[in-house]
Amino acid sequence: MDVIKLQKNFFTSELQDEFIENKVYTNYYRLKILSTVMLLLTSFLLLTDYKNYQRGLWSVSTGYEWLFYSHVALGLGMLLISSFYWRTNLQSVKNVRFVHKVYEVCFAVFLLLICAFTSGWIDQRIHGQVTVYIFGCFIVAVFFYLSPKISFWVFLLSYIIVVIGLTHNQPDSFILNGHYINTFLVACIAWFLSLILYKSRIQDFLHLNHLESLVRERTKELEEINQQLIQEIYERKTIQRKIYRMASIVESTDDGIIGMTLDGIIIDWNRGAEFIYGYSEEEIIGSSVRRLFPSDKKMELDKILTTISLGTPVSHFETIRQRKDGQIIHVYLTVSPIKNHNEKTIGASTIVRDVTTQKKIEKEMARMDQMNLVGEMAASIGHEVRNPMTTVRGFLQLLGENKNTAKYSDYIPLMISELDRANHIITEFLSISRTKVTEFASHNLNNIINNNILPLVQVDAIRSEKCVTTQLGAIPDLILDNKEICQMILNLARNGLEAMAQGGNLTIKTLVNDNEVILAIQDEGEGIKPEILDRLGTPFLTTKEMGTGLGLAVCYGIAARHNAIIKIESGAKGTTFFVKFKATMNNNLVKSVE
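These figures come from a predicted structure and were not determined experimentally.

S.K.: Would you explain the overall build of the protein in this entry?
M.R.: From N to C terminus, the protein includes 17 helices and 14 strands. Counting all 594 residues of the protein, 37% fall into the buried class. In the protein, once contacts between residues fewer than 6 apart in sequence are set aside, the share between residues at least 24 apart is 67%. A total of about 34,800 Å² of accessible surface is found on the protein, and carbon and sulfur atoms cover 59% of it.

Here you go:
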């Protein structure tokens, strides 16, 4: 009865008619197949009746004859019903008429009553079972979605017919009572099953009707916003074109642009970043940005991400990073938070500019400014200091020859030695000056090394129990000042010897690479500390107890006057000084001297 209440509460008259029509249309094809199957089944049953007749069972029990008549009635009914279903063609729910509804009810009533009559009046005379009635009840319950009232009266009427038949035709009271209970339970269960299926059908219909109503409403809403969508599509296309332009700019810029999560995982990587760091997009995407940090800068990322997570950008931050090949580079960073539509920070965008070259230029300019200043000072005061020192030295020599100063004879040579040392420092000091006249001529580095440098360096090496080897390649002649180049090579070679312990080996190399003549002096010392390495060439910077700090400054000055550059590579296994000269137009190679 809950279904009846549900139907009354939710169904308007229009919905009831629509539901019934929909139900009839949905059942139409199933009942069409069912009537055909029942007709074929009747043919089989009539064939069975004929065999029973031939075996003489009709004379044994009148039940077989009555069974034949019931099958004939079933066949005629199914023939009529199936012919109706096959003759009628329902194209849609709108084609459903009242006659279709009546035929569905008549089909169910006829089928169930035939089953009730067969089980109550005929089967009791043959084998005393009610199987046909049970099948009939469940077929009607499952295949026919009858309304609760109609199904109630149909099952009640069939139950009455089967009970009357059982009463008249079942002589065994024990079996009779059992059939009363079984048929009652079957009728009740079938009716409740019918109610459940009907309720499910109503719920499906209401749900479908509700969906259709929603579709109509949404369709109306969609029609109203269709014009808005057209406008939005136009605006989005405009924005998309702008995004493409911006993406093209981002991808083509020389600055590196990196997108990452708040955990430091790289999610975006443009060509500029690939050029700066050396990693391709396939190599770096999904990796931690810590991969780009030198070992002593790992904690820097945590500070940056903490600042970004608070929504605060990091602007014009100068630091160092590490390339794929291990090279340390100087960079300027601008790190900005990436926010979603809720203004929540979900990542960070980093703009990277490689300023390594700029830093080198700035450092070189600062060093050159210092060299210029020292040169100007040397040019201004060098001679003024040297002249009095020459006079003092001369008088000391005279005093040394005087017998009255014999008691100072131990001190006068020491004072003259110190004056000579000071004079040597002034000489080096003067060599820094750009005002010094340089005498250029065509020379070959190999000849200078073999004839002028190697004998002096080998003597120093033998005294300190060290070795000197040369690897002189075929190189062109260069326009050089012989004396200055000798001074530069000798300074670098002696620095290398002093940096090594006993047994160390100093290697002097020459080679040609990329239109450059390269002089390389390599030692096997402990290397130069990073904090000292960046300041090499600064006047008066020295790590030696008796050093003046002018030797490398002089070397840098000589290199500058020859349009050459000095590069340094230093590590735990030693240091190599590279002096790179631009090759002249004279490409006549000179065989290396063995």
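Past the structure itself, the notes keep going.
S.K.: How do you make sense of the nonpolar core when you look at a structure like this?
M.R.: Generally speaking, a soluble globular protein has its nonpolar side chains buried in company with each other. Residues Leu 445, Ile 485, Met 488, Ile 489, Leu 519 and Phe 581 are the most contacted members of the largest nonpolar core, which totals 38 residues. Of all the secondary-structure elements, those providing two or more residues to this core are helix 14 (445–463), strand 7 (467–472), strand 9 (478–480), helix 15 (482–499), strand 10 (505–513), strand 11 (516–522), helix 17 (551–561) and strand 13 (574–582). Here Leu 445 is in contact with Ile 475, Leu 478, Leu 480, Ile 485, Ile 489, Thr 510, Val 517, Leu 519 and Phe 581, once residues within four sequence places are set aside. Core analysis: the second largest hydrophobic core is formed by 35 residues, Phe 84, Ile 114, Cys 115 and Phe 144 among them.

S.K.: Even after reading the chapter, I still don't get the sheet that holds strand 3 (residues 314–322), so can you show me in this structure?
M.R.: Note: strands within a sheet are paired through backbone hydrogen bonds, in either parallel or antiparallel orientation. Spatially, 2-1-5-4-3 is the arrangement adopted by the five strands of the open sheet, whose pairing is antiparallel. Unpaired on one side and paired on the other, strand 2 (266–269) and strand 3 mark the two borders of the sheet. Mean inter-strand twist for the sheet, computed between neighbouring axes without regard to direction, equals 30 degrees. Across the sheet, helix 11 (residues 298–309) lies against strand 1 (256–261), strand 3, strand 4 (328–339) and strand 5 (345–354), angled at about 155 degrees from strand 3, the strand it touches most.

S.K.: Explain helix 15 to me, please; I cannot follow it from the model alone.
M.R.: Because each turn of an α-helix spans 3.6 residues, side chains separated by three or four positions in sequence point in the same direction. Given a rise of 1.5 Å per residue, 18 residues ought to cover 26 Å, and the 26 Å separating the end C-alpha atoms of helix 15 matches this to within 8%. Within helix 15, burial applies to Glu 484, Ile 485, Cys 486, Met 488, Ile 489, Leu 490, Asn 491, Leu 492, Ala 493, Gly 496 and Leu 497. Looking at where helix 15 begins, the residue whose side-chain oxygen comes 3.1 Å from the main-chain nitrogen of Lys 483 is Asp 481.

S.K.: So what exactly am I meant to see when it comes to the packing of aromatic side chains here?
M.R.: In this description, a pair of aromatic rings is defined by centroid distance and the angle of the planes. Enumeration over the complete set of coordinates arrives at eight aromatic pairs. Ring geometry for Trp 269 against Tyr 277: centres 5.7 Å apart, planes inclined by 40 degrees, an arrangement best described as tilted. With relative accessibility at 5%, the residue Trp 269 sits in the buried group. Through successive ring pairs, a cluster of aromatic residues spans Phe 152, Trp 153, Trp 191 and Phe 192. Cation over ring: Arg 321 sits above Phe 293, and NZ or CZ is 3.7 Å from the ring centre.

S.K.: Could you clarify how one ought to interpret the pattern of salt bridges in this entry?
M.R.: Opposite charge on two side chains allows them to pair when their charged atoms are near. A full pass over the atoms with the stated rule returns 10 salt bridges. Put simply, Arg 321 and Glu 300 hold a salt bridge, and the shortest N to O gap is 2.9 Å. Highlighted residues: Arg 321 in strand 3 and Glu 300 in helix 11, separated in sequence by 21 residues. Classification of Glu 300 by relative accessible area gives buried; the value is 12%. Between Glu 484 and Arg 561 there is a salt bridge, with the nearest N and O atoms lying 3.0 Å from each other. Of this pair, Glu 484 sits in helix 15 while Arg 561 sits in helix 17, and the two are 77 residues apart along the sequence. Across this residue pair, the class does not change: Glu 484 and Arg 561 are buried. Through salt bridges that share partners, Lys 297, Glu 300 and Arg 321 make up one connected network.

S.K.: Can you walk me through empty space enclosed by the protein in this structure?
M.R.: One way to see where empty space is left: roll a probe the size of a water molecule over the atoms. Inspection of the entire model under this criterion finds three cavities of 30 Å³ or more. In this structure, the largest cavity encloses a volume near 100 Å³. Along its surface, the largest cavity is lined by 13 residues, and Val 289, Phe 293, Arg 321, Leu 333 and Thr 350 are the ones closest to its centre. Elements represented by at least two residues in the lining of the largest cavity include exactly strand 1, helix 11, strand 4 and strand 5. The residue inventory of the lining of the largest cavity, partitioned by class, reads 11 nonpolar, one polar and one charged.

S.K.: Would you take a moment to explain a nonpolar patch on the surface for this structure?
M.R.: A cluster of nonpolar side chains, namely Phe 152, Trp 153, Leu 156, Ile 160 and Ile 164, defines an oily patch on the protein surface of about 460 Å² accessible area. Among the structural elements, Ile 164 can be located in helix 7 (residues 148–169). With relative accessibility at 37%, the residue Ile 164 sits in the partly exposed group.

S.K.: Teacher, can you tell me more about a positive patch on the surface here?
M.R.: On the surface, Lys 237, Arg 241, Lys 242 and Arg 245 cluster together into a patch of positive charge. Examined against the element boundaries, Lys 242 turns out to sit in helix 8 (residues 173–252).

S.K.: Is there a simple way to explain a negative patch on the surface in this structure?
M.R.: Residues Asp 268, Glu 274, Glu 281 and Glu 282 make up a contiguous surface patch of negative charge. Here Glu 274 lies in helix 9 (residues 271–277).

S.K.: It is not clear to me how the state of the cysteines should be interpreted in this structure. Could you clarify?
M.R.: What is meant by a disulfide is a covalent connection between two cysteines, made through their sulfur atoms. Tallied over the entire structure, the rule returns zero disulfides. With no disulfide of its own, Cys 115 lies 7.8 Å from the sulfur of Cys 137, the closest cysteine sulfur. Judged by its relative accessible area of 10%, Cys 115 falls in the buried class. Overall, the relative accessible area of 0% leaves Cys 137 in the buried class.

S.K.: Help me understand the pairing of strand 1 in this model?
M.R.: Within a regular strand, the side chains alternate between the two sheet faces. Sheet topology places strand 1 next to strand 5; six bridges connect them, and they run antiparallel. Looking at the pairing, Ile 257 lines up with Ile 351 of strand 5. With three bridges joining them, strand 1 and strand 2 adopt antiparallel strand pairing. Residue pairing in the sheet places Gly 259 in a bridge with Asp 268 of strand 2.

S.K.: Would you explain the side chain of Asp 481 in this entry?
M.R.: The residue Asp 481 is located in the loop between strand 9 and helix 15 in this model. Here the side chain of Asp 481 touches Lys 483 through a polar contact of 3.1 Å, landing on its backbone nitrogen.

S.K.: Looking at this structure, I do not really get the environment of Leu 490. What am I missing?
M.R.: Its location among the elements puts Leu 490 in helix 15. Residue classification places Leu 490 among the buried positions, given a relative accessible area of 15%. As a C-alpha pair, Leu 490 and Ile 453 span 37 residues in sequence and 6.4 Å in three-dimensional space. Other than its neighbours up to four places away in sequence, Leu 490 contacts Ile 453, Leu 456 and Val 457.

S.K.: Looking at this structure, how should I read the sheet that holds strand 10?
M.R.: An order of 7-10-11-13-12 is seen for the five strands of this open sheet, with the pairing classed as mixed. Of all the strands in the sheet, the pair left with one neighbour each is strand 7 and strand 12 (565–571). Averaged over all pairs of adjacent strands, the angle between their axes in this sheet comes to 15 degrees, without regard to strand direction. Pairing between strand 12 and strand 13: seven bridges, direction antiparallel. From the neighbouring strand, Glu 569 faces strand 13, where its bridge partner is Thr 576.

Calculation rules
- Residues numbered from 1 in each chain as written.
- Predicted model: local features only at pLDDT ≥ 70, side-chain atom pairs only at ≥ 80, totals over all residues.
- Heavy atoms only, no water.
- Helix = DSSP H or I, 4+ residues; strand = E, 2+ residues; numbered from the N terminus.
- Buried < 20%, exposed > 50% of the residue type's maximum accessible area, 1.4 Å probe, protein only.
- Contact = heavy atoms within 4.5 Å.
- Areas by Shrake-Rupley, 256 points an atom, 1.4 Å probe, with all protein chains shown as cover.
- Core = buried A, V, L, I, M, F, W, Y, C linked by side-chain atoms within 4.5 Å.
- Pairing = 2+ DSSP bridges.
- Axes fitted to C-alpha atoms, helices over the stretch in contact; angles between N-to-C directions.
- Expected span 1.5 Å × (residues − 1).
- Polar contact = N/O pair within 3.5 Å; in protein donor to acceptor, adjacent residues only side chain to side chain.
- Phe/Tyr/Trp six-rings, centres within 6.5 Å; stacked < 30°, edge-to-face > 60°.
- Lys NZ or Arg CZ within 6 Å of the ring centre and 35° of its normal.
- Salt bridge = Lys/Arg side-chain N within 4 Å of Asp/Glu carboxyl O.
- 1 Å grid on protein atoms, 1.4 Å probe; cavity = no way out; pocket = protein on both sides within 12 Å on 5 of 7 lines; lining within 4 Å.
- Points joined across faces, edges and corners; volume = space filled by probe spheres on them.
- Nonpolar A, V, L, I, M, F, W, Y, C, P; charged D, E, K, R; others polar.
- Patch = residues over 30% accessible without salt bridge, like charges linked within 9 Å, V, L, I, M, F, W, Y side chains within 5 Å.
- Lys, Arg positive; Asp, Glu negative; His and termini not counted.
- Charge placed at Lys NZ, Arg CZ, Asp CG, Glu CD.
- Disulfide = S-S within 2.5 Å.

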